[in-house]
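Chain by chain, the residues:
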Amino acid sequence: MAETLVEFVIAEDPPKRLDKALSRDVPVEASLSRTRLAKLIAEGGVALNGVAVSDPKHKVAEGDAVVITVPVAEDSHIGPEDIPLEVIWEDDDLIVINKPAGMVVHPAPGTPNGTLVNALLHHCGDTLSGVGGMKRPGIVHRIDKETSGLLVVAKTDAAHQGLAAQFEAHTVERYYRAVCYGVPDANDPRLRGVRGVNFESGNIMKITTHLARHKTDRQRQAVLFEGGRHAVTRVRIVEPFGNPAVACLVECWLETGRTHQIRVHMAHAGHGLIGDPVYGGRRKLAEKAIGVTGAAAARSFDRQALHAAVLGFEHPVTGENLRFEAPLPADMAQLIADLGGV
């Protein structure tokens, strides 16, 4: 197998452990994350003063000569496919995509091809330097197949680890636009009795629960208050529709990022998303309130009306603050127009 050598010397006042010293002193251009370094140590790919060392706790000293043997990234078992992509931003480390509704992010048994990863493998080609030793894009977050909008994907190991750390720390800015049934207003007395729902200043609805896979339906997530994973969603009214209002364009932002989080939280609050076949409930909107066109548009909308509109984060390599916005896709814009929105 082809390989490259990364050679350097341990700088002054190093951490005592090999793994920590390597993480501090390895050249940035090597693009080796802590996880990748740990794997290379375990595989015997690190030599200290000419001797292979596989113990991450091995003591090091200033001036020790390090040689890391890095196998060239292997080709992924996933095949590249020439699928058009809307690229919002791209450099040597990462790529930001505006994903269309209907596209799965990563291959799975039910969808082995036609995914975002297949498309990225074709688009990026030889610019993928390798994530975890494999030439593949680094997926650090996902949005559902029928949700449209912004995704950031790593092209290098270092970018993958840096982005993953930001998502884990909940410092990534993520705003979604959604069209829901009803209007989530603090003046609605019903909402005062929904556990986990309260309102902050500015009429912002905050939903705080735990989420876990449903006990009987493995395709769904369920709201819990014990067990599962902590989840927080905030919701702001953007524009109500109807007279009286029977639907609403809302802005949602995530403090955490769990599977189906916005969809299941909005349903828990009694404001499921229009078109959502799993959580939305397929309610009928009163024609007297919304008009024949609006009622028909809501009834026929064939996916959850959810769009990842804003994505902001710190570039994991350069430190630059990046923020991207994607306009509503045509189907959601038409739905809003049919409901009487601007």
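For clarity, every value in this text was computed on a predicted model and none was experimentally measured. (Residues numbered from 1 in each chain as written. Predicted model: local features only at pLDDT ≥ 70, side-chain atom pairs only at ≥ 80, totals over all residues. Heavy atoms only, no water.)

Moving on, we get to the overall build of the chain. When its secondary structure is counted, the chain shows seven helices and 18 strands. Principal-axis analysis of the C-alpha atoms places the extent of the chain at approximately 80 × 40 × 40 Å. Within the chain, the fraction of its 342 residues that count as buried is 46%. Within the chain, contacts between residues separated by at least 24 positions form 64% of all contacts whose residues are at least 6 apart in sequence. Approximately 16,600 Å² of the chain is accessible, and the part contributed by carbon and sulfur atoms is 50%. Taking the average location of the 37 positive side-chain charges in the chain and that of its 42 negative ones, the two points are 11 Å from each other. (Helix = DSSP H or I, 4+ residues; strand = E, 2+ residues; numbered from the N terminus. Buried < 20%, exposed > 50% of the residue type's maximum accessible area, 1.4 Å probe, protein only. Contact = heavy atoms within 4.5 Å. Areas by Shrake-Rupley, 256 points an atom, 1.4 Å probe, with all protein chains shown as cover. Lys, Arg positive; Asp, Glu negative; His and termini not counted. Charge placed at Lys NZ, Arg CZ, Asp CG, Glu CD.)

Attention now goes to helix 1 (residues 18-25). Listing the buried residues of helix 1 in full gives Leu 18, Ala 21, Leu 22 and Asp 25. Buried residues of helix 1 fall within an arc of 100 degrees about the axis and therefore sit on the same side. Contact partners of the buried residues in helix 1: strand 1 (3-9), helix 2 (34-42), strand 2 (46-48) and strand 4 (65-71). (Arc of directions from axis to C-beta.)

Before going further, it helps to examine the environment of Ala 154. For Ala 154, the location among the structural elements is in strand 10 (residues 148-154). Separated by 14 residues in sequence, Ala 154 and Val 140 have C-alpha atoms that sit 7.6 Å apart.

To continue, consider helix 4 (residues 157-168). Relative to the 16 Å expected for 12 residues at 1.5 Å per residue, helix 4 spans 16 Å between its end C-alpha atoms, a close match to the ideal helical length. Phi turns positive, to about 60 degrees, at His 170, one or two residues after helix 4. (Expected span 1.5 Å × (residues − 1).)

This part is about the confidence of the model for the chain. With 94% of its residues at a pLDDT of 70 or more, the chain shows a mean pLDDT of 89. The spread of mean pLDDT over the elements of the chain runs between strand 8 (residues 134-135), the lowest at 50, and strand 18 (residues 321-325), the highest at 98. (pLDDT = per-residue confidence, 0-100.)

With that settled, the discussion passes to empty space enclosed by the protein. Within this structure, the stated rule accounts for one cavity of 30 Å³ or more. The space that makes up the largest cavity amounts to roughly 30 Å³. Mapped onto the lining of the largest cavity, the elements with two or more residues apiece are strand 11 (173-181) and strand 17 (306-314). Of the residues assigned to the lining of the largest cavity, the class counts are six nonpolar, one polar and one charged. (1 Å grid on protein atoms, 1.4 Å probe; cavity = no way out; pocket = protein on both sides within 12 Å on 5 of 7 lines; lining within 4 Å. Points joined across faces, edges and corners; volume = space filled by probe spheres on them. Nonpolar A, V, L, I, M, F, W, Y, C, P; charged D, E, K, R; others polar.)

What follows concerns the side chain of Asp 276. Note that Asp 276 resides in the loop between helix 5 (261-268) and helix 6 (287-300). Asp 276 sits in the buried class, given a relative accessible area of 2%. For Asp 276, the side chain forms a polar contact with the side chain of Arg 263, separated by 2.8 Å. Within the structure, the side chain of Asp 276 is placed 3.2 Å from the backbone nitrogen of Tyr 279, a separation counted as a polar contact. Excluding its chain neighbours within four sequence positions, the residues that come into contact with Asp 276 are Arg 263, Gly 281, Arg 303 and Gln 304. (Polar contact = N/O pair within 3.5 Å; in protein donor to acceptor, adjacent residues only side chain to side chain.)

Next up on the list: the environment of Glu 287. Looking at where Glu 287 falls in the secondary structure, it is placed in helix 6. Glu 287 sits 209 residues away from Ile 78 along the chain, and the two C-alpha atoms are 48 Å apart. Non-local contacts of Glu 287, meaning those with residues more than four positions away in its chain, are made with Val 292 and Ala 295.

Quick look at the nonpolar core now. It is characteristic of soluble globular proteins that their nonpolar side chains tend to be buried jointly. One finds Tyr 176, Met 205, Val 250 and Met 266 to be the most contacted residues of the largest nonpolar core, which totals 35 residues. In terms of residues, this core owes the most to one element, helix 3 (residues 116-124), which gives five residues. (Core = buried A, V, L, I, M, F, W, Y, C linked by side-chain atoms within 4.5 Å.)

A few words now on the packing of helix 1 against helix 2. At their nearest, the axes of helix 1 and helix 2 sit 10 Å apart, and the two run at 130 degrees to each other. Taken together, the axes of helix 1 and helix 2 lie oblique to each other. Pair helix 1 / helix 2 crosses with right-handed handedness. Along its contact with helix 1, which presents Leu 18, Asp 19, Leu 22 and Ser 23, the element helix 2 presents Arg 34, Leu 37 and Ile 41. In the contact of helix 1 with helix 2, the residues fall into four nonpolar, one polar and two charged. (Axes fitted to C-alpha atoms, helices over the stretch in contact; angles between N-to-C directions. Parallel < 35°, antiparallel > 145°, perpendicular 65-115°, else oblique. Left-handed = near helix turned anticlockwise from the far one by under 90°.)

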